[in-house]
Structure formats: C-alpha cells, structure tokens
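# Observations on the three-dimensional arrangement
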Amino acid sequence: MYVCLCHGVSDKKIISTVHKHQIHTINELRQILPVGSCCGKCVRQARQLIENEQSAL
Ligand code: FES
C-alpha cells in the first residue's frame, strides 16, 4: 500500500528503511526517503508506522 502517493513510497519501503537505518523520527526518515516533501498528507501515516515499528522492538 502506498503511504506517499506523491513519491510512490509504500508502507513496506518505510518499514524496511526504519529497520535498516534505525529510524526513530519522521525527520530521520525524511533524510532518506522523500516522504512529506510535496503535499505532506503522508506525514501522519509515516510517523505512525515509525512508532509502530519502534514499539514492536
Ligand atoms: Fe507524501 Fe504528498 S503524499 S508528500
């Protein structure tokens, strides 16, 4: 499922990036993926994915 439609970034891509790069914040994620850099509608969902992955560790 796409989280960021503007840049075609999927939830799987975000989750794998969170694990690979030890991401803790949306700002850290945005240094690697372009989420939120266009309309910004994906930021809330991307942040939620990060929080879910952190709490699952
Ligand atoms: Fe991600 Fe627009 S949906 S910036």
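Every chain is numbered on its own, with residues counted from 1 as its sequence reads. Local features are withheld for residues below a pLDDT of 70 in this predicted model, meaning they are given only at 70 or higher, and side-chain atom pairs are given and counted only at 80 or more; totals for whole chains, interfaces and linings count all residues. Heavy atoms from the whole structure form the basis of all side-chain values; hydrogens and water molecules are not counted.

The subject of this paragraph is the overall build of the protein chain. Numbering of helices and strands runs from the N terminus, with a helix taken as a DSSP run of H or I at least four residues long and a strand as a DSSP run of E at least two residues long. Secondary structure assignment for the protein chain yields three helices and two strands. Reading the protein chain from its N end, one meets helices and strands in the order β-β-α-α-α. Radius of gyration: over C-alpha atoms. The globule rule applied is 2.2 Å multiplied by the number of residues raised to the 0.38 power. Relative to the 2.2 N^0.38 estimate, which gives 10 Å for 57 residues, the radius of gyration of the protein chain is 10 Å and therefore close to what a compact globule would have. Summarising its shape, the C-alpha atoms of the protein chain cover approximately 30 × 20 × 15 Å along the three principal directions. In this scheme, a residue with accessible area under 20% of its type's maximum is buried, one over 50% is exposed, and one in between is partly exposed, where area comes from a 1.4 Å probe on protein chains only. Looking at the protein chain as a whole, 35% of its 57 residues are labelled buried. Restricting the contact set of the protein chain to residue pairs at least 6 apart, pairs at least 24 apart contribute 50%. Split by element, the accessible area of the protein chain, about 3,900 Å² in all, is 50% carbon and sulfur. Distance between charge centres in the protein chain, computed from 7 positive and 4 negative side chains, equals 8 Å. Residue contacts follow a heavy-atom distance rule, with two residues in contact if any of their heavy atoms lie within 4.5 Å. Using a 1.4 Å probe, accessible areas were evaluated by the Shrake-Rupley method; residue-level cover was limited to the displayed protein chains. We count Lys and Arg on the positive side and Asp and Glu on the negative side, and we leave His and both chain ends out. Charged groups are reduced to one reference atom each: NZ for lysine, CZ for arginine, CG for aspartic acid, CD for glutamic acid.

What follows deals with the packing of helix 1 (residues 11-20) against helix 3 (residues 43-56). Orientation is described by lines fitted to C-alpha atoms, with helices fitted over the stretch in contact, and by angles between N-to-C directions that extend from 0 to 180 degrees. Between helix 1 and helix 3, whose axes approach to 10 Å, the crossing angle comes to 50°. Viewed along their axes, helix 1 and helix 3 adopt a mutual orientation that is oblique. Once helix 1 is placed against helix 3, the crossing between them reads as right-handed. Here Asp11, Ile14, Ile15, Val18 and His19 of helix 1 lie close against helix 3, whose contacting residues are Ala46, Leu49, Ile50, Glu53 and Gln54. Here the word oblique covers every angle except those under 35 degrees (roughly parallel), over 145 (roughly antiparallel) and from 65 to 115 (roughly perpendicular). Should the near helix be turned anticlockwise from the far one by less than a right angle, the crossing is left-handed, and should it be turned clockwise, the crossing is right-handed.

Once that is clear, we can look at helix 1. When we look at burial in helix 1, the residues that qualify are Asp11, Ile14, Thr17 and Val18. Buried residues in helix 1, looked at end-on, bunch into an arc of 130°, giving them a common side. Among the exposed residues of helix 1, those oriented more than 90 degrees off its buried face are Lys12 and Lys20. Here the buried face of helix 1 lies against strand 1 (2-4), strand 2 (9-10), helix 2 (26-30) and helix 3. Looking one or two residues past helix 1, glutamine 22 carries a phi angle of roughly 55°, positive in sign. The directions considered for the arc are those from the helix axis to the C-beta atoms.

Here the focus is the nonpolar core. Residues Val9, Ile14, Ile26, Leu29, Leu33, Val35 and Ile50 are the most contacted members of the largest nonpolar core, which totals 15 residues. Looking at this core, the elements that each hand over two or more residues are strand 1, helix 1, helix 2 and helix 3. Looking at this core element by element, the count peaks at four residues for helix 3. In this view, isoleucine 50 contacts Val18, Ile23, His24, Thr25, Ile26 and Leu29; residues no more than four positions away in its chain are not counted. Buried Ala, Val, Leu, Ile, Met, Phe, Trp, Tyr and Cys residues form a nonpolar core when they are joined through side-chain atoms within 4.5 Å.

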